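# Structural overview for review
These are the residues of each chain, in order.
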Amino acid sequence: MIDFISNEELMLKVDSVLEAHGYSEFKLLSILLQVQEIIPGNFIPEEISKYISKRISVPLSKTYEVITFFEALSTHPKGKILIQICKSPVCTVNKYKDVLEPIENELGISVGETSEDGLFTLQYTSCFGACDISPAIRINDEVHGNLTKDKIKDIINSYRRKFQ
Ligand code: FES
């Protein structure tokens, strides 16, 4: 584990996020989202949670509550490629489970896990507005819809090529 607190450059960035939000406890979610973006692995390590809580005078339990409530936040490192599969009602009716299994098989992981090469993280998400093309997944910020089992391998391989 990297000693984040001794990583001066990173801490300066965290401080600038805190400053931009006026060290306001009411901006906790926005602070966490922005801080997560600047941390390699796209997550909020324990040391950083403690640091943020201290600087904006919020109990650590409250910070963890926010991190665990919002799907976009994580206490564990995530892959460079985040695959989010929607399990909201329309995607459920349109059998998202039929595409989930081939995704898990292709990546060799289950929902909530990161692939061994650190490239992919697979997560559930709620509706992101692509109901008309469900079942749908979002990969980083790109939406893929009308999914079938056969499309999955090609989609995942296209990201492998981009990020490897
Ligand atoms: S229900 Fe899945 S994108 Fe809307």
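Residues numbered from 1 in each chain as written. Predicted model: local features only at pLDDT ≥ 70, side-chain atom pairs only at ≥ 80, totals over all residues. Heavy atoms only, no water.

Let us look at the nonpolar core. Judged by nonpolar contacts, the single largest core of 24 residues is most densely connected at I83, I103 and F120. Those elements that provide at least two residues to this core are β1 (81-86), α6 (97-107), β2 (120-125), β3 (137-139) and α7 (149-163). If we ignore the near neighbours within four places in the chain, the residues touching I83 are L107, F120, T121, L122, Q123, I137, R138, I139 and I156. If you look at the next biggest cluster of nonpolar residues, it comprises 20 residues, including I31, I52, I56 and I67. (Core = buried A, V, L, I, M, F, W, Y, C linked by side-chain atoms within 4.5 Å. Buried < 20%, exposed > 50% of the residue type's maximum accessible area, 1.4 Å probe, protein only. Helix = DSSP H or I, 4+ residues; strand = E, 2+ residues; numbered from the N terminus. Contact = heavy atoms within 4.5 Å.)

Together, L29, L33, F69 and F70 give the surface a local cluster of nonpolar side chains, amounting to about 360 Å² of exposed area. Examined against the element boundaries, L29 turns out to sit in helix α2 (residues 28-38). We classify L29 as partly exposed; its relative accessible area is 31%. (Patch = residues over 30% accessible without salt bridge, like charges linked within 9 Å, V, L, I, M, F, W, Y side chains within 5 Å. Areas by Shrake-Rupley, 256 points an atom, 1.4 Å probe, with all protein chains shown as cover. Salt bridge = Lys/Arg side-chain N within 4 Å of Asp/Glu carboxyl O.)

The next thing to look at is the packing of aromatic side chains. Using the criterion set out here, one finds two aromatic pairs in the structure. The interplanar angle of 85 degrees and the centroid separation of 5.1 Å between the aromatic rings of F69 and F70 together place this pair among those described as edge-to-face. Overall, the relative accessible area of 64% leaves F69 in the exposed class. Here Y96 and Y124 contribute two aromatic rings whose centre-to-centre distance is 6.2 Å and whose plane-to-plane angle is 90 degrees, an arrangement assigned as edge-to-face. Residue Y96 is located in the loop between α5 (89-93) and α6, and its partner Y124 is located in strand β2; the two are separated by 28 residues in the primary sequence. Directly above the ring of Y124 sits K87, whose terminal nitrogen or CZ lies 4.4 Å from the centroid. Sitting over the ring of Y159, K162 keeps its end group 4.5 Å from the ring centre. (Phe/Tyr/Trp six-rings, centres within 6.5 Å; stacked < 30°, edge-to-face > 60°. Lys NZ or Arg CZ within 6 Å of the ring centre and 35° of its normal.)

This part takes up the UniProt feature "binding site: [2Fe-2S] cluster" (unreviewed entry) in the protein chain. Within this structure's numbering, the places UniProt gives as "binding site: [2Fe-2S] cluster" (unreviewed entry) are C86, C91, C127 and C131. Across 46 residues, the annotated set stays spatially compact, with a maximum C-alpha separation of 9.4 Å. Residue position: C86 is located in strand β1. Excluding residues within four positions of it along the chain, C86 makes contact with C91, Y96, T125, S126, C127, F128 and A136. Tracing the sequence through the fold places C127 in the loop between β2 and β3. Not counting residues up to four positions away in its chain, the partners in contact with C127 are C86 and S88. (UniProt positions renumbered as here; feature names shortened; annotations may be inferred.)

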